[in-house]
Structures are given as structure tokens and as C-alpha cells.
Amino acid sequence: MLELADVEAARERVAETARHTPLEYSHTFSAMTGAAVHLKLETFQRTGAFKIRGATNRIATLTDAEREAGVVTASAGNHAQGVALAATRSGVDSKIVMPEPAPVSKVKATRNYGAEVVLHGEDYSEAADHAHEIEREEGRTYVHAFDDPMVMAGQGTIGLEIVEDCPEVETVVVPIGGGGLISGIATAIKGRNPDVRVIGVQAEGASSAAASLAKGEIVERDSVETIADGIATRRIGDETFPIIRERVDEVVTVSDEEIAVALTKLLERSKTLVEGAGAVPLAAVLEDQFEYADDEVIVPTLCGGNIDLNTLTTVILRGLVKTGRYLRLRTVLKDRPGTLEELTNILSRHRANIYAIRHDRTSRNVALNDAEVELDLETRGHDHVETVLDALEDAGYETEVLL
């Protein structure tokens with residue numbers, strides 16, 4: 001099983017490529033939670049995510065023959081970029097299989113780092129199957145995204161940085177996809193200070209680790225569905241499962257809506273851009289998914305910031321809806337002059353800002369003398385939303401909330 005010495009040895013190998021990332025106290029999130037929250041900003045890592053650490057450590061341990069044959073891997077994006085850059089810096093040829101729905105920005109970045117990219121499959125598991133075919137056919141070394149001791153050891157260097165930069169740390173919160181990151185961090189943390197808690201967090205739509213721990217054996221999901229694409233794996237690893245079971249104190253889950261809220265708050269309040277997987281640890285803290293004491297020193301590991309702009313738009317919208325900052329509704333008006341003005345006057349009186357109006361007098365869903373109207377509104381919280389809806393109801397409008 002992976003040990004502290006493996007992580008400490010990895011630190012020497014990755015030092016020239018991976019950055020020692022900042023650990024910053026957050027007044028905002030400390031005030032929100034009552035804890036002392038320090039953010040581990042792996043978003044500032046080279047390639048924008050932690051994966052460069054494990055990839056660099058694994059490639060540094062290749063034999064001469066393996067280096068000559070090249071490497072192959074599968075990834076939804078961050079591991080792909082890490083392997084591509086680590087391989088290029090080491091003079092090793094790399095071929096990366098990415099799922100077809102992988103964010104365009106991550107595909108482009110992986111190619112820019114020097115790898116050949118092959119798009120195949122609907123998710124990580126299908127991409128990995130194809131990558132293993134390439135491994136067999138071309139004799140390349142497969143660099144696993146998480147289920148490899150050398151990869152785990154590289155990721156664990158984050159844990160060393162946390163305990164050294166914040167020796168008073170009491171709880172470290174880490175996202176879980178396949179389990180490589182948390183296996184490495186937990187090994188480093190528990191090796192340096194066994195009293196520090198390690199909490200793992202998964203998205204509800206990709207919760208293999210939580211289910212596996214509950215059952216006592218690895219559980220593979222039939223499918224995954226989450227905005228946190230960086231941790232969207234069907235199962236945790238054979239190598240990572242026993243480490244998680246032994247060294248992780250608790251595993252919890254968060255919903256996509258909770259992830260969206262955390263991402264939005266990081267962007268708005270801390271001016272920090274993270275991807276879905278990067279927001280997962282903070283979401284667990286904000287939503288009290290595990291118990292912690294007042295003033296407890298908590299370090300959420302913000303593991304990456306490589307979010308596709310189209311995905312970012314969707315996530316921000318979800319976060320605004322969840323916090324009552326955005327409302328989309330549908331209603332029906334009489335199709336005659338002045339009725340739309342009457343509706344907008346009500347919204348104006350109650351300080352609801354109109355983003356967009358869609359007015360359709362030809363909709364099949366309404367009578368011939370009616371018009372269907374959809375409105376996108378900027379609101380100021382859940383109480384304001386209820387005030388606006390009550391005002392419309394009092395004025396005789398039947399409304400349907402769409403978002």
C-alpha cells in the first residue's frame with residue numbers, strides 16, 4: 001500500500017514541473033461557516049489542475065524502453081493535460097483518449113501541450129477501454145488517471161504542502177473521482193499527523209466511493225451525471241479503495257445545485273474561478289455535509305480551474321437560481337395592446353429586473369385571443385422571488401416557474 005515515503009520521494013521528482021500552490025485564509029467563507037477556512041488553491045497549478053503532479057511522477061519512473069515506446073492514457077481533461085505536458089517536458093511521445101463530450105477547452109489545451117488526442121466514447125470508462133486497446137496494439141505504457149501508486153504519490157505532494165503551510169490544520173476536504181487524489185493526500189496527511197481528519201466528497205451523480213464504502217466492496221455505477229466532469233467516474237480504483245477505506249475518515253456527497261452555488265460564491269466573493277470538481281469540497285463545507293466545530297481549521301482542496309465557458313454559463317445560472325438571484329417564469333396575457341405593459345409595471349414596482357422577454361401570440365398552448373410570455377428576471381433572493389410571485393398572483397396572473 002502507498003506510504004508516506006512514496007509521497008516524499010515523489011516531491012523530489014515533481015519539484016521542477018509542479019508548482020507549490022498557495023494556501024489562503026478566506027475571511028468570506030470563514031464568516032459564512034463559523035470555521036477557519038483556508039483554501040488550497042490548486043487552481044494556480046501548471047495546466048490549471050493538480051494532475052500534473054501525478055503524471056510527472058509516473059513518467060519520471062519510466063524505464064528507457066518505456067520512454068521510447070511512449071505513453072497513453074484516458075481522461076476527461078485535467079489528467080490529459082497533465083500527462084501531455086509531463087510527457088512533452090520529458091521528451092516522451094503521448095497519446096490521449098478523451099470522451100467525445102469532453103470540454104472543447106480541455107481538448108484544445110491537451111493538444112497544445114503536445115499530445116495526440118483521440119476522441120472516443122461517451123464517458124471516462126469508454127475512453128479508458130479504447131486507451132487500453134492502444135496500449136496493447138502499440139506497446140505504450142498506460143498512465144492511469146488515478147489507480148497507480150506513482151500517480152497517487154505525486155498527487156499526495158499536495159498533502160505535504162498543506163501540513164507544512166498550515167500546521168494547525170484539523171480537517172482537509174478533498175474531492176473524489178477515481179480516488180487517486182484523496183489516496184495520495186490522505187497518505188501524506190495521516191503520515192505527518194494522524195489526528196487530522198480527511199473528508200472525501202463526491203457528486204451525487206458519480207458517488208461510487210460512498211456506495212463502495214457502505215457495501216464494503218467496489219460498486220460500479222451504470223452511468224454518471226454531474227456538472228463536475230473532473231470527477232465523473234463510474235467507479236473508484238482497485239488500488240485506491242483500500243487506501244480510502246483505511247485513511248479517509250468520512251465520505252459525503254453534494255448535489256449539482258450545491259456545487260453550482262459553491263462555484264458561484266467562489267467566483268463572486270473570492271474572485272476565484274474553479275471547475276465543478278474544484279468547488280465540490282467547499283460545497284460540502286457550506287452545506288454542512290459533515291460535522292465541524294466553530295473555529296475548526298478546515299482546508300478545502302480546490303483541485304482545478306479548467307472549466308469550459310459554456311459549462312460555466314450553465315453552472316452560474318444554476319447557482320443564481322439556487323440562491324434566488326434568477327427567476328424564469330411563464331404566464332399568459334390577453335392579446336391586446338397594453339397588457340404587456342401592465343405586467344412589466346408590476347415587476348418594476350417590485351424591483352425585479354428584466355433580462356429577457358419572449359412574447360408568443362402563436363403558441364399552441366394558449367387560446368386564440370391570448371399570448372404566452374416567458375420572462376427572465378434578476379431577483380435579490382428567495383424572499384424577493386416569493387414577493388414577485390405573490391404580486392403577480394394578486395394581480396390575477398397564473399404563473400409557472402420554469403427556473
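Each chain has its residues counted from 1, following the order in which its sequence is written. At least 70 in pLDDT is required for a residue's local features to be given in this predicted model, at least 80 for side-chain atom pairs to be given and counted, and no such filter applies to totals for whole chains, interfaces and linings, which use all residues. Only hydrogens and water are set aside; all other atoms, that is, all heavy atoms of the structure, feed into the side-chain values.

Peer 1: Got a minute to help me understand the pattern of salt bridges in this structure?
Peer 2: It is possible for side chains of opposite charge to pair when their charged atoms get near one another. Whenever a carboxyl oxygen of Asp or Glu lies within 4 Å of a side-chain nitrogen of Lys or Arg, that contact is scored as a salt bridge. Tallied over the full model, the rule gives 30 salt bridges. A salt bridge links Glu 164 to Arg 11; its shortest N-O distance comes to 2.8 Å. Of this pair, Glu 164 sits in helix α9 (residues 157–165) while Arg 11 sits in helix α1 (residues 4–14), and the two are 153 residues apart along the sequence. For Lys 40, the salt bridge identified is with Glu 161, shortest N-O distance 2.7 Å. Here Lys 40 is found in strand β2 (residues 36–41), whereas its partner Glu 161 is found in helix α9, with 121 residues between them in sequence. Of the two residues, Lys 40 and Glu 161, both sit in the buried class. Through salt bridges with shared partners, one network takes in Asp 93, Lys 95, Glu 116, Glu 138 and Arg 140. Helical segments are the DSSP runs of H or I of at least four residues, strand segments are the runs of E of at least two, and each set is numbered from the N terminus. Any residue under 20% of the maximum accessible area for its type is buried, any over 50% is exposed, and the rest in between are partly exposed; the area is computed with a 1.4 Å probe on protein chains only.

Peer 1: For this particular structure, what's the right way to read the environment of Glu 257?
Peer 2: Among the structural elements, Glu 257 can be located in helix α13 (residues 256–269). Taking the C-alpha atoms as reference points, Glu 257 and Lys 322, 65 residues apart in sequence, are found 6.6 Å from one another. With sequence-adjacent residues up to four places away left out, Glu 257 is seen in contact with Arg 318 and Lys 322. Contact definition: two residues touch when any of their heavy atoms are within 4.5 Å.

Peer 1: How should I be thinking about the nonpolar core in this particular structure?
Peer 2: Within soluble globular proteins, side chains that are nonpolar tend to cluster in buried spots. In this structure, Val 169, Val 172, Ile 189, Ile 259, Leu 266 and Phe 290 are the most contacted members of the largest nonpolar core, which totals 62 residues. Leaving out residues up to four positions away in the same chain, Ile 259 has contacts with Ala 203, Thr 226, Ile 227, Ala 228, Val 254, Gly 276, Ala 279, Val 280 and Ala 283. Listed in part, the 22 residues of the second largest apolar core include Ile 52, Leu 85, Met 98 and Val 151. The definition of a nonpolar core used throughout is a set of buried Ala, Val, Leu, Ile, Met, Phe, Trp, Tyr and Cys residues joined through side-chain atoms within 4.5 Å.

Peer 1: What exactly am I supposed to notice about the packing of aromatic side chains here?
Peer 2: The geometry of an aromatic ring pair is captured by the separation of the ring centres together with the interplanar angle, meaning the angle of the planes. Side-chain rings of Phe, Tyr and Trp, where Trp is taken by its six-membered ring, are said to pair if the distance between their centres is within 6.5 Å; with planes under 30 degrees apart they count as stacked, over 60 as edge-to-face, and otherwise as tilted. The tally for this structure, following the rule as stated, stands at two aromatic pairs. When the centroid spacing of 5.4 Å and the interplanar angle of 25° are considered together, the rings of Tyr 326 and Tyr 355 count as stacked. With Tyr 326 in strand β11 (residues 326–334) and Tyr 355 in strand β12 (residues 353–360), the pair connects residues that are 29 residues apart, well separated along the chain. For Tyr 326, a relative accessible area of 11% puts it in the buried group. Look at Tyr 355 and you get partly exposed, because its relative accessible area is 47%.

Peer 1: It is not clear to me how the layout of surface pockets should be interpreted in this structure. Could you clarify?
Peer 2: Detection works on a 1 Å grid of protein atoms alone, calling trapped sets that fit a 1.4 Å probe cavities and calling open sets with protein on both sides within 12 Å along at least five of seven lines pockets, with lining residues defined by an atom within 4 Å of a point. Grid points are joined across faces, edges and corners, and a volume is the space filled by probe spheres set on the points. The calculated volume of the largest pocket comes to roughly 540 Å³. Contributing to the lining of the largest pocket are 21 residues, with Pro 101, Glu 225, Thr 226, Asp 229 and Ala 232 lying nearest its centre. For the lining of the largest pocket, the leading source of residues is helix α15 (residues 309–322), giving four residues. Residues that form the lining of the largest pocket fall into these classes: 11 nonpolar, three polar and seven charged. Around the second largest pocket sit 15 residues that line it, and Tyr 124, Ser 125, Ala 128, His 144 and Arg 235 are the ones nearest its centre. Top contributing element to the lining of the second largest pocket by residue count: helix α7 (residues 124–138), with five residues. Amino acid classes used here: Ala, Val, Leu, Ile, Met, Phe, Trp, Tyr, Cys and Pro are nonpolar; Asp, Glu, Lys and Arg are charged; the rest, including Gly, are polar.

Peer 1: Just checking my understanding: could you explain helix α10 (residues 180–192) for this structure?
Peer 2: For an α-helix, the turn length of 3.6 residues means that residues three or four places apart are oriented alike. How far a helix is expected to stretch is found by multiplying one less than its residue total by 1.5 Å. For α10, built from 13 residues, the straight-helix expectation of 18 Å at 1.5 Å per residue is met to within 8% by its first-to-last C-alpha distance of 19 Å. Among the 13 residues in α10, 11 count as buried, and that is most of the element. Those residues of α10 not exposed but buried are Gly 180, Leu 181, Ile 182, Ser 183, Gly 184, Ile 185, Ala 186, Thr 187, Ala 188, Ile 189 and Lys 190.

Peer 1: Would you explain the sheet that holds strand β14 (residues 400–401) in this entry?
Peer 2: Pairing between sheet strands relies on hydrogen bonds along the backbone, with the strands arranged either parallel or antiparallel. Strand pairing is defined by DSSP finding a minimum of two bridges between the two strands. With antiparallel pairing, four strands are arranged side by side in an open sheet as β12-β13-β11-β14. Edge strands, defined here as strands with exactly one partner in the open sheet, are β12 and β14. Pairing of β11 with β14, which is carried by two bridges, proceeds in the antiparallel orientation. Across the sheet, residue Arg 330 finds its bridge partner in β14, namely Glu 400. An axis is simply a line fitted to the C-alpha atoms; with a helix, the fit covers only the stretch in contact. Between two such axes, the angle follows the N-to-C directions and lies from 0 to 180 degrees. Where helix α17 (residues 382–394) meets the sheet, it contacts β11, β13 (370–378) and β14, and its direction lies at approximately 5° from that of β11.

Peer 1: It is not clear to me how a negative patch on the surface should be interpreted in this structure. Could you clarify?
Peer 2: Residues form patches when they are more than 30% accessible in relative terms and have no salt bridge. Like charges link within 9 Å. Nonpolar side chains (Val, Leu, Ile, Met, Phe, Trp, Tyr) link within 5 Å. All accessibility values rest on the Shrake-Rupley procedure with a 1.4 Å probe; residue burial counts only the protein chains present in the view. Asp and Glu are treated as the negative residues and Lys and Arg as the positive ones, with His and the ends of the chain left uncounted. A charged residue contributes its charge at one atom only: NZ of Lys, CZ of Arg, CG of Asp or CD of Glu. Together, Asp 383, Glu 386, Asp 390, Glu 393 and Asp 394 make up a region of like negative charge exposed at the surface. Residue placement: Glu 386 occurs in helix α17.

Peer 1: What am I meant to see in the sheet that holds strand β4 (residues 94–98) here?
Peer 2: One open sheet accounts for four strands, arranged β5-β4-β3-β6; its pairing is parallel. For this open sheet the edge positions go to β5 (116–119) and β6 (141–142), each flanked by a neighbour on one side alone. The pairing of strand β3 (residues 71–74) with β4 spans four bridges and is parallel. Each bridged residue has a counterpart across the sheet, and for Ala 74 the counterpart in β4 is Val 97. Where α7 meets the sheet, it contacts β3, β4, β5 and β6, and its direction lies at approximately 165° from that of β3.

Peer 1: What is the right way to look at empty space enclosed by the protein in this model?
Peer 2: In this approach the atoms are scanned with a rolling probe the size of a water molecule, which exposes any empty space left behind. Taken as a whole and assessed by the stated rule, the structure comprises two cavities of 30 Å³ or more. Of the pockets and cavities examined, the largest cavity occupies roughly 290 Å³. Lining the largest cavity are 25 residues, and of these Phe 50, Lys 51, Gly 178, Gly 230 and Ile 231 sit closest to its centre. Contributing elements (two or more residues each) for the lining of the largest cavity: α5 (78–90) and α10. Among the residues making up the lining of the largest cavity, the classes are represented as 12 nonpolar, 10 polar and three charged.

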